[in-house]
Structures are given as structure tokens and as C-alpha cells.
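Breakdown of the fold
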Amino acid sequence: MPMKSKSFDRLSSLLGDEGERIWAALQAARVYLEQTDERDLLRHIGKTIESIPSAKHLDKRLIQASYVKGPAEAPDDLLTGQGLFYLTEQRRLFLDCTAGHYQMTWGYNSPELTRVARLAMEAGIVWDDHSDIPGNPIKCLAAQLVRVAGPHGGGPANPAEDDGALNTVNLGVCTGSSAASTALKIILKYFEATRPGAGPVIVTMNGNYHGMDFLAQRLRGMWEKYFCSVHVVGIEPNDTAALRRAFHEHEGRVAAFFAEPILMNREAILLEKGFLQEARTLCDEADAAMVIDEIQTGFWRPEVFMFHQFDIVPDMLIVGKGMTSGFHPLAALLFKRKYDCLEQYDAINTNGNAPLAAMVALGCLSLVEQNGNRLADLSRYYEDRLREIPQEHPNRVAAIHGKGLLAGVKFRTVADALSFHRRCLERGLWVRVHAYHEGHSTVLTKLGLLADREVVDVVVNTFLDILREVGDE
Ligand SMILES: Cc1ncc(COP(=O)(O)O)c(C=O)c1O
């Protein structure tokens with residue numbers, strides 16, 4: 001009997017009783033986003049787009065509590081998005097200033113990368129396969145990652161033979177959490193082999209975020225009572241004295257130093273070059289692994305990986321999120337060959353060996369490299385314009401954090417940060433706020449790489465407008 005697929009003639013039927021009406025809203029929203037030019041879209045952010053038919057959207061009472069924000073009966077979740085813009089189920093238009101959940105390098109459904117995926121599928125590139133037979137896209141992506149992690153301006157011709165290079169790649173991991181967890185497992189295994197019986201110490205930044213794995217969460221203070229022999233030392237970002245103290249106090253036991261160049265989960269604090277260089281030296285002296293987590297910073301800069309800016313080479317580099325621009329998740333861990341000590345099933349995900357996602361990652365990398373000069377210019381422009389904010393409103397805004405398109409507006413009070421965030425949402429600017437930990441009062445942005453000077457002007461002018469409206473007293 002032939003396989004049945006009749007219901008696919010009308011995809012709306014997959015969405016249940018309300019499917020037809022939801023589909024009509026979706027299609028009208030897509031046409032609106034496709035046919036309205038960027039200037040008009042920028043003029044309409046925050047407004048309800050009446051030309052899109054309204055529909056009753058599905059409630060989310062069956063979804064876990066932490067997802068159910070806002071009213072369950074009339075949710076205002078995402079309807080569709082394109083580029084830097086998205087429309088909600090209530091047909092409100094937003095300018096997304098955080099690239100979704102910080103992962104959509106080229107915005108929602110980048111036409112270029114959609115084309116890569118479509119052409120790749122038509123050419124026979126498969127969605128997924130077994131990790132024993134990784135296929136050309138995965139092998140090519142591994143080679144490209146090693147290339148961009150290598151020294152700029154030409155390094156050794158054969159990185160595979162170079163002990164100091166990030167020349168080994170695990171591309172069998174689906175998400176950043178799996179890549180970070182792979183790094184942690186390698187660290188424990190390497191430590192056990194080189195210092196058997198000792199309890200490993202991991203030095204981290206207070207306020208870090210390295211994903212959802214148990215040990216990664218232990219690095220940020222969770223599950224403490226379940227870990228008996230792993231000791232975590234948290235230090236303040238850029239506190240070089242505390243860094244030295246940590247290595248000194250735990251001499252012989254430091255297994256790793258873990259850090260993100262910009263702590264996007266702690267107010268976009270930027271690590272300083274001198275601090276990271278000191279960490280490099282201390283790691284070398286202690287045979288501790290220096291792990292740089294570029295899940296946030298990777299693929300968001302002209303040089304692809306930010307660690308190049310600090311004139312260091314980490315021992316391990318964690319990448320994910322922006323690598324596939326939000327397509328089927330694929331992450332990677334790059335490391336120096338001496339850390340290649342795990343067995344096959346110690347660190348792979350079923351869906352982490354994804355040839356199609358690898359093609360999209362290759363397309364994403366190519367776009368980043370092709371647009372290097374434009375990105376450098378845009379990043380400088382955004383930094384310059386953001387600096388106007390604390391200059392004009394020093395009583396309310398203490399500083400601008402971050403670097404380039406990953407930027408935080410640090411407020412002097414939590415109340416100001418929360419009220420500013422609410423006003424941004426009312427005006428159709430999707431930004432995030434860090435105000436849920438003591439002392440946190442920062443509004444975060446991570447502009448997608450599609451942004452141009454006009455988008456930057458709308459974002460910064462809206463920020464300034466809001467502050468002028470609120471006043472400085
Ligand atoms: C710095 C950093 N590391 C790791 C992760 C975990 O990545 P994923 O959500 O893909 O598991 C994140 C996610 O936000 C992150 O920001």
C-alpha cells in the first residue's frame with residue numbers, strides 16, 4: 001500500500017480546528033513582512049498591523065510553567081518573523097534587538113540560508129545521519145572551524161600537526177550545553193589521567209552561564225551538595241588578583257579556567273585582555289585547560305571568534321547558537337589534540353551530526369566572512385551611538401557594557417532598568433533585561449548582523465526618547 005500523506009495538501013489541518021484561520025494570519029503576516037520595505041517596517045514597530053486577519057491562537061496550558069508567560073487564553077507569542085522583524089499572534093510588529101534567543105545571526109529565516117538549505121536538500125544532503133559516517137558537510141565544517149580558529153594572516157600549513165593549535169573538533173553535539181558538557185568531561189578525564197586521586201578545581205566567573213548540563217550548572221552555583229570532589233571557585237570578572245589567588249591556593253589541583261568573553265548572562269560584562277592573558281599564563285603553569293565559551297560571541301564579529309582579540313589561544317573553544325543562525329541546532333567543541341581523550345559515546349548527541357545544519361553553518365560562516373568590513377563598521381557605529389546614552393543621562397545610565405553588537409545599557413537602579421525594558425516593549429523594541437539578581441540592572445541587546453545604520457539609529461533614538469520622556473530626576 002502506498003504511504004498516505006493526504007493531510008499535507010493542507011498543512012493548516014496539522015494545527016487542528018483553528019488551523020485554517022491561523023494559517024490565513026500566518027500567510028498575511030508573511031506577505032506583509034516580505035512586501036514592506038525596511039523603512040516602513042521601522043516606522044510601524046510597536047503597532048498592530050490591522051491588515052493581518054486575527055485568529056484565535058492555541059493556548060499553552062499544556063506547556064511547562066516556565067514557558068507560560070502572559071495570559072494562557074490569548075497568548076501573544078510569535079506568529080512569524082523575517083530578518084530583524086517579527087509579528088506576534090496579536091499582530092503587533094516588533095524589531096528584534098536580541099536575534100531571537102541570541103542565536104539568529106542573520107535574523108529570522110534568512111533568505112540566503114534558507115536557499116542554502118533548500119538547494120542542499122535538493123542536491124541530496126541529508127538532514128542527519130549516523131556519527132560513524134559523518135559525510136562531507138561535517139568534515140568541511142570541521143576544517144573551516146579549525147581555519148578560522150587558527151592564527152590570522154597565516155599559521156602553520158598543517159594544523160593537524162601543530163600541538164598549539166585548536167585542531168580537533170567534536171561536531172557530534174547538538175546544542176551549546178552538550179558542547180560545554182563535553183569540555184567538562186574532557187577536563188575531568190584529563191585531570192584524572194594526569195593527577196589521579198586529586199580533587200579537581202574549576203575556576204569560573206561569578207555570573208557565568210555554560211548551559212544546562214549538571215556540572216555546567218554547578219559552575220553557576222546549583223546542585224552543590226551532589227558534587228563531592230569537584231571544587232568550583234567563582235571569581236569576579238576581571239579581578240586579576242582573585243584569579244592569581246585561586247590558582248595559588250589550589251596549586252596542583254586547578255583543572256580548568258572557564259570563561260565567556262562577554263558574560264551575556266551577567267549584564268554583558270566584557271572580559272579584559274590583560275585578565276585573559278594572565279589566565280592563559282596561569283593555565284600554562286598549572287597544566288589547567290583554558291576553556292573559552294564563545295556560544296554568544298562566536299559568529300557575531302568580523303574575525304568570527306572573539307578570542308583572537310585577546311592574543312591568546314584557548315585550549316578549548318565552545319561554539320554553537322549563531323553558528324547555524326538558529327537553524328537545526330548544531331554546536332561544536334574545538335580543542336587541542338592532547339585533550340582528545342573521550343570515547344565515542346561519551347559525548348555525542350543523536351541529532352548532533354547533522355549534514356544539513358553543517359551546510360547552513362558553512363553558509364553562515366561564509367556570510368560573516370564576506371561581510372567582515374561592513375560588520376566592523378556597524379559594530380563601531382553601534383558602540384559610538386550607544387555611548388551617547390550615559391553621556392546624556394548620567395543620572396540614570398551608569399555605563400554601556402559589552403562590545404560591538406552585543407551590548408548592555410547598565411542602569412543605576414533596578415527600577416529604572418525594569419521600567420525602561422517595559423517601555424521598550426511597548427514601543428515594539430524586543431530587548432531583554434537583567435534585573436533578577438542582586439545588583440543587576442542592565443538592558444541587553446544583541447543585534448542580528450542584518451542590521452544597518454538606520455536600524456541602529458532607530459534603536460538608539462528610541463532609547464534616548466524613552467529616557468528623555470522619563471526625565472533625569
Ligand atoms: C555562553 C553560553 N554557553 C552555553 C550556552 C548553552 O547553549 P544551548 O542553549 O545551545 O544549550 C549558552 C546559551 O545561552 C550560552 O549563552
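The shown structure was predicted, so the numbers you read here are calculated from the model rather than taken from an experiment. (Residues numbered from 1 in each chain as written. Predicted model: local features only at pLDDT ≥ 70, side-chain atom pairs only at ≥ 80, totals over all residues. Heavy atoms only, no water.)

**Quick look at the overall build of the protein**
Stated precisely, the cut-off is as follows: The numbering of helices and of strands both runs from the N terminus, where a helix is a DSSP run of H or I of at least 4 residues and a strand a run of E of at least 2. Note that the radius of gyration is over C-alpha atoms, with the globule rule given as 2.2 Å times the number of residues to the power 0.38. Buried means the residue's accessible area, taken with a 1.4 Å probe over protein chains only, is under 20% of the maximum for its type, while exposed means over 50%, and partly exposed covers the values in between. Throughout, a contact is declared for two residues whenever any of their heavy atoms are within 4.5 Å.
Secondary structure summary: the protein contains 13 helices and 17 strands in total. Taking 2.2 N^0.38 as the reference for a compact globule, 473 residues should give roughly 23 Å; the C-alpha atoms of the protein span a radius of gyration of 23 Å, in line with that estimate. Taken along its principal axes, the extent of the C-alpha atoms in the protein is 75 × 65 × 50 Å. Evaluated residue by residue, the protein yields a buried proportion of 52% over its 473 residues. Taking as baseline every contact in the protein between residues at least 6 positions apart, the subset at least 24 positions apart corresponds to 73%.

**Focus: the sheet that holds strand β15 (residues 429-430)**
Put simply, the test is: Strand pairing is assigned whenever DSSP identifies at least 2 bridges connecting the two strands. Fitting a line to C-alpha atoms yields each axis, with helices limited to the stretch in contact; the angle taken between N-to-C directions then spans 0 to 180 degrees.
The four strands lie next to each other as β1-β2-β3-β15, forming an open sheet whose pairing is mixed. Edge strands, defined here as strands with exactly one partner in the open sheet, are β1 (78-82) and β15. Across three bridges, strand β2 (residues 85-88) lies against strand β3 (residues 93-96) in antiparallel orientation. The residue bridging L87 from the neighbouring strand is L93, located in β3. Those strands touched by helix α1 (residues 19-35) are β1, β2 and β3, and its axis lies near 25° from that of β1.

**Quick word on the site of the ligand**
For clarity, the threshold we go by: When we say a residue is near a molecule or strand, we mean one of its heavy atoms is within 4 Å of it. Polar contact is defined as a pair of N or O atoms within 3.5 Å, subject to the rule that within protein one atom must be able to donate a hydrogen and the other to accept it, and that residues adjacent in sequence are counted only when both atoms are side-chain atoms. Areas reported here follow the Shrake-Rupley algorithm with a probe of radius 1.4 Å; residue values treat only the protein chains shown as occluding. Residue classes follow a fixed rule: Ala, Val, Leu, Ile, Met, Phe, Trp, Tyr, Cys and Pro count as nonpolar, while Asp, Glu, Lys and Arg count as charged, and any other residue, Gly among them, counts as polar.
Close to the ligand lie T175, G176, S177, Y209, H210, G211, E260, N265, D293, I295, Q296 and K321, which account for all nearby residues. S177 is positioned such that a nitrogen or oxygen atom in its side chain is 2.6 Å from an oxygen atom of the ligand. One of the side-chain nitrogen or oxygen atoms of K321 is found 3.3 Å away from an oxygen atom of the ligand. Within the complex, 87% of the 390 Å² of free accessible area of the ligand lies under protein. Of the residues belonging to the shell around the ligand, the class tally is two nonpolar, seven polar and three charged.

**Some remarks on the domain arrangement of the protein**
Convention followed: Each domain span listed reflects an automatic or database assignment of domains. Each of two parts loses accessible area, computed with a 1.4 Å probe, when they are put together; buried area is these two losses added. Every case where a carboxyl oxygen of Asp or Glu lies within 4 Å of a side-chain nitrogen of Lys or Arg is listed as a salt bridge.
Segmenting the protein into domains produces domain 1 (8-35 + 46-64 + 78-96), domain 2 (118-370) and domain 3 (374-470). One C-alpha centre belongs to domain 1, the other to domain 3, and the line joining them spans 28 Å. Both faces considered, domain 1 and domain 3 share a buried interface measuring about 790 Å² in area, 68% of it formed by carbon and sulfur atoms. When the buried area of domain 1 at its contact with domain 3 is split by residue, L84, F94 and L95 rank highest and sum to 58% of it. Counting across the domain 1 and domain 3 interface gives zero salt bridges. Taken together, the connections running from domain 1 to domain 3 amount to four residue pairs in polar contact (both at pLDDT 80 or more). Here the side of domain 1 that touches domain 3 gets four residues from one element, more than from any other, and that element is β3. When grouped by side-chain class, the residues that make up the side of domain 1 that touches domain 3 number five nonpolar, two polar and two charged.

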